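Chain and residue survey
So you can see what is in the structure, the chains are spelled out below.
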Amino acid sequence: MFYDQRMTVPDSPADLRDEYEDDLRAVVDQHGVDAVAERTDVDRETAEALLESESPALTLPEAAQIQSLEDGEPEPDEMVTIACEHLLLGMSTAVLDVDAIESELEIELDAKEVQQKLEQRAPMSLEEFVHIQYVIADGAP
């Protein structure tokens, strides 16, 4: 699950996103597109795209809403909080600051934006989360 603490990552951020999309796809497949569209903020077209192995634009809260449809999962807001706390913990473990993360990111985010997203003061997409998480886990000893 995306909110788990990661100490290792696959070969690329794309591979990491694929892992998370596979998890989300399984939830959509199990519960159905209609249920996802009715019980989350994710629209039907996005749920269908995910089910069809596409990589639709999702926010971190939307990914959490999908994942929360599974039995035993935390509430979506709690999942997002856990995920961001694990990123901050990972930064401590890897001895990284936001400037170091910015310099390693393959996407365009400056250090201030990274900080705001980690602190949940700015919205974060699943794509941004994956890239930040990848840099942090890849830098862990």
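Now for the overall build of the protein chain. A tally of regular secondary structure across the protein chain gives eight helices and zero strands. Secondary structure elements of the protein chain occur, N-terminal to C-terminal, as α-α-α-α-α-α-α-α. For the protein chain, the C-alpha radius of gyration of 15 Å lies close to 14 Å, the compact-globule estimate for 141 residues. If you line up the protein chain on its principal axes, its C-alpha atoms span 45 × 25 × 25 Å. Classification of the 141 residues of the protein chain by burial places 48% in the buried group. If you take every contact in the protein chain between residues at least 6 apart in sequence, the share linking residues at least 24 apart comes to 62%.

As a further point, take the packing of helix H5 (residues 76–94) against helix H8 (residues 126–138). In a pair of packed helices, the angle between the axes and the distance between the axes together describe the arrangement. Packing of H5 against H8 brings their axes to within 9 Å, and their N-to-C directions diverge by 25°. Comparing their axes, H8 and H5 come out roughly parallel. In the crossing of H5 with H8, the sense of the turn from one axis to the other is left-handed. Between H5 and H8, the contacting residues are Ala83, Leu87, Gly90, Met91 and Ala94 on the first element and Phe129, Ile132, Gln133 and Ile136 on the second. In terms of residue class, the contact of H5 with H8 is made up of seven nonpolar, two polar and no charged.

On to the environment of Val95. Tracing the backbone through its elements, the reader meets Val95 in the loop between H5 and helix H6 (98–104). Its relative accessible area of 71% is what places Val95 among the exposed residues. In the structure, Val95 is positioned 61 residues away from Asp34 in sequence and 44 Å away in space, judged by C-alpha atoms.

This next bit is on the packing of aromatic side chains. Under the criterion given, the structure shown has three aromatic pairs. With a centroid separation of 6.5 Å and 80° between ring planes, the pair formed by Phe2 and Tyr20 is classed as edge-to-face. Linking Phe2 in the segment before helix H1 (13–31) with Tyr20 in helix H1, this pair joins segments that are 18 residues apart in sequence. Across this residue pair, the class does not change: Phe2 and Tyr20 are buried. Among the aromatic residues, those joined into a cluster by ring pairs are Phe2, Tyr3, Tyr20 and Phe129.

This part takes up the pattern of salt bridges. Between side chains of opposite charge, a pair can form when the charged atoms approach closely. Under the definition given, this model contains eight salt bridges. Glu19 is the salt-bridge partner of Arg6, the closest N and O atoms lying 3.0 Å from each other. Residue Arg6 is found in the segment before H1, and its partner Glu19 is found in helix H1; the two are separated by 13 residues along the sequence. Two residues, Arg121 and Glu119, come together in a salt bridge whose shortest N-O distance is 2.7 Å. Salt bridges sharing common partners tie together Arg17, Glu21 and Glu127.

On to the side chain of Glu21. In this fold, Glu21 is placed in helix H1. When neighbours within four sequence positions are excluded, Glu21 is seen to be in contact with Leu50, Glu54, Ser55 and Pro56.

Here is what the cut-offs are and how they apply
- Residues numbered from 1 in each chain as written.
- Predicted model: local features only at pLDDT ≥ 70, side-chain atom pairs only at ≥ 80, totals over all residues.
- Heavy atoms only, no water.
- Helix = DSSP H or I, 4+ residues; strand = E, 2+ residues; numbered from the N terminus.
- Rg over C-alpha atoms; globule rule 2.2 N^0.38 Å.
- Buried < 20%, exposed > 50% of the residue type's maximum accessible area, 1.4 Å probe, protein only.
- Contact = heavy atoms within 4.5 Å.
- Axes fitted to C-alpha atoms, helices over the stretch in contact; angles between N-to-C directions.
- Parallel < 35°, antiparallel > 145°, perpendicular 65-115°, else oblique.
- Left-handed = near helix turned anticlockwise from the far one by under 90°.
- Nonpolar A, V, L, I, M, F, W, Y, C, P; charged D, E, K, R; others polar.
- Phe/Tyr/Trp six-rings, centres within 6.5 Å; stacked < 30°, edge-to-face > 60°.
- Salt bridge = Lys/Arg side-chain N within 4 Å of Asp/Glu carboxyl O.

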